[in-house]
Amino acid sequence: MSFTLGTPPAQLSDALLERLRRVSFPTLGHYLEEGFLDPAIQRQCGRGRVVGRAISVRLTGQDSTVLHHAAGHCRPGDVFVIDTGGDTRHAPVGEVLAVTLHARGAVGVVIDGVMTDLDQVEPLGLPVYARGRSVLTTKLLHLDAGGLHVPVSVGGVTVTSGDVVLADRNGVFAAAPAVVEALVDTALADDAEEPALLAEVLAGARLGDLTGATAAIESLLAERGTTAS
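Residue positions are given per chain, counted from 1 along the sequence in the order it is written. A pLDDT threshold of at least 70 governs which residues receive local features in this predicted model, and a stricter bar of 80 or more applies before side-chain atom pairs are shown or counted, although totals over entire chains, interfaces and linings include all residues. Side-chain numbers here rest on the full set of heavy atoms in the structure, without hydrogens or water.

Draft legend 1. Seen up close, the overall build of the protein. Helix and strand assignments come from DSSP, with helices taken as H or I runs of at least 4 residues and strands as E runs of at least 2, each series counted from the N terminus. The number of helices and strands found in the protein is 7 helices and 13 strands. Taken along its principal axes, the extent of the C-alpha atoms in the protein is 70 × 35 × 35 Å. With a 1.4 Å probe rolled over the protein chains alone, any residue whose accessible area is under 20% of its type maximum counts as buried; one over 50% counts as exposed, and the rest are partly exposed. For the protein, buried positions account for 45% of its 229 residues. Summarising the internal contacts of the protein: among those between residues at least 6 apart in sequence, 76% fall at separations of at least 24. The accessible surface values rely on the Shrake-Rupley method and a 1.4 Å probe; as for residues, cover is taken only from the protein chains in view. Of the roughly 11600 Å² of accessible surface on the protein, a fraction of 54% belongs to carbon and sulfur atoms. In this analysis, two residues are considered to be in contact whenever any of their non-hydrogen atoms come within 4.5 Å of each other.

Printed below as a string of structure tokens:
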């Protein structure tokens, strides 16, 4: 398959980014099932939460030529999302790529594969999410293969340039801006209610009474002619 170049994405709106920086990412899981990457893809190094624009890169074989090209066009706020084609032995990101992306303002890297040079990358503070680490690296083979700004499969989720990427110590989420735009205000409202809920729990209230779960169970049991203990 020959190299494929897609259309560079638009920037995410400042208003959306500001709200996403305030939301608790797991709250989105109350409303969505899609977009959550395989939990095996975890933060290997770096600090803080990631909120940014996806730049999708697809590698073929063990060739990282397209990734080196793409890194030179990184813009502040970008999150490089790398599909290795199922390769979990060859690391496409190490010191050189990480320093390049960090210097150009990237806020994170997500690899459906492995990384290398952990001791050199870790001091940068750049969050790198991967399935693990390896001493074996990709090569500059200059193959007519791979893709940039094309749909990629990462952790079981299809991601393309321009998507929103959110990541923290729990894992990674990615979706089209319209998906998160439709939910972020609801999620923020949920987050705002949580401190009061926790205060009631700490004061002795039963969680199920507060959330309606107990009423639901009692209703189910009543239909069967039994009662909850």
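Draft legend 2. Structural view of a negative patch on the surface. Residues form patches when they are more than 30% accessible in relative terms and have no salt bridge. Like charges link within 9 Å. Nonpolar side chains (Val, Leu, Ile, Met, Phe, Trp, Tyr) link within 5 Å. For this document, the term salt bridge refers to a Lys or Arg side-chain nitrogen within 4 Å of an Asp or Glu carboxyl oxygen. Counting rule for charge: Lys and Arg are taken as positive, Asp and Glu as negative, and neither His nor the chain ends is counted. To locate a charge, take atom NZ for lysine, CZ for arginine, CG for aspartate or CD for glutamate. Together, Glu-95, Asp-117, Asp-119 and Glu-122 line one region of the surface with negative charge. Structurally, Asp-117 can be placed in the loop between β6 (114–115) and α4 (118–121).

Draft legend 3. Structural view of a nonpolar patch on the surface. Among the surface-exposed residues, Val-201, Leu-207 and Leu-210 lie close enough to one another that they form a single nonpolar patch of about 220 Å² accessible area. Topologically, Leu-210 is positioned in helix α6 (residues 207–211).

Draft legend 4. Representation of the packing of aromatic side chains in the model. Between 30 and 60 degrees the pair is tilted, below 30 it is stacked and above 60 it is edge-to-face, where a pair is any two Phe, Tyr or Trp rings, Trp via its six-membered ring, whose centres lie within 6.5 Å. Scanning the entire structure with this criterion turns up 1 aromatic pair. Summarising the aromatic geometry, the rings of Phe-36 and Phe-173 are spaced 4.8 Å apart at their centres and angled 50° between planes, so their arrangement reads as tilted. A residue pair is termed long-range when its members are at least 10 positions apart, and Phe-36 in the loop between α1 (14–20) and β2 (42–45) and Phe-173 in strand β13 (residues 171–175) qualify at 137 residues. Given the relative accessible area of 3%, Phe-173 is considered buried. Sitting over a ring, as applied to charges here, requires NZ of Lys or CZ of Arg to be within 6 Å of the ring centre and within 35 degrees of the ring normal. If you follow Arg-49 out to its NZ or CZ, it ends over the ring of Phe-25, 3.9 Å from the centre.

Draft legend 5. Local environment of the environment of Gly-6. Structurally, Gly-6 can be placed in the loop between β1 (4–5) and α1. Note: C-alpha distance between Gly-6 and His-149 (143 residues apart in sequence) is 4.6 Å. In this structure Gly-6 touches Leu-148, His-149 and Val-150, once residues within four positions along its chain are discounted.

Draft legend 6. Spatial organisation of the side chain of Ser-134. Relative to the helices and strands, Ser-134 is located in the loop between β8 (132–133) and β9 (147–148). In this structure Ser-134 comes out as buried when scored by relative accessible area, which is 18%. Among the polar contacts made by the side chain of Ser-134, one reaches the main-chain carbonyl oxygen of Arg-89 at a distance of 2.7 Å. Those residues in contact with Ser-134, other than ones at most four positions away along the chain, are Arg-89, Ala-91, Val-114, Met-115 and Thr-116. Polar contacts, as used here, are pairs of N or O atoms within 3.5 Å; protein pairs need one atom able to donate a hydrogen and one able to accept it. Residues neighboring in sequence count only if both atoms are side-chain atoms.

Draft legend 7. Up close: the environment of Val-79. By secondary structure assignment, the location of Val-79 is in strand β4 (residues 78–83). Here the alpha-carbon distance between Val-79 and Pro-127, two residues 48 residues apart in the chain, equals 9.6 Å. Val-79 has contacts with Val-50, Gly-52, Arg-53, Ala-54, Ile-55, Val-107, Gly-108, Val-109, Val-110 and Val-165, leaving out every residue within four places of it along the chain.

Draft legend 8. Structural context of the pairing of strand β12 (residues 164–168). The buried fraction of β12 amounts to 5 of the 5 residues, a majority that puts the element mostly inside the structure. Because side chains alternate across β12, one face comprises the buried residues Val-164, Leu-166 and Asp-168, and the other comprises Val-165 and Ala-167, equally buried. The pairing of strand β3 (residues 50–58) with β12 spans 4 bridges and is classified as antiparallel. Directly across from Arg-53, in β12, lies its bridge partner Val-164. Direction of pairing for β12 relative to β13: antiparallel, over a ladder of 5 bridges. By the bridge assignment for β13, Asp-168 is matched with Gly-171. Pairs of strands are assigned from DSSP output, requiring at least two bridges between the strands. With antiparallel pairing between neighbouring strands as the criterion, β12 and β13 make up a hairpin whose turn holds 2 residues.

Draft legend 9. The arrangement of the side chain of Thr-138 in detail. Here Thr-138 is to be found in the loop between β8 and β9. There is a polar contact of 3.2 Å between the side chain of Thr-138 and the side chain of Ser-64. Residues within four places of Thr-138 in sequence aside, it is in contact with Gln-62, Ser-64, His-90, Ala-91 and Pro-92.

Draft legend 10. Main features of unusual backbone geometry. Here the phi dihedral of Asp-117 falls at roughly 60°; this positive angle occurs in a residue that is not glycine. For His-142, which is not glycine, the phi dihedral falls at a positive 55°. If you trace the backbone, His-142 turns up in the loop between β8 and β9.

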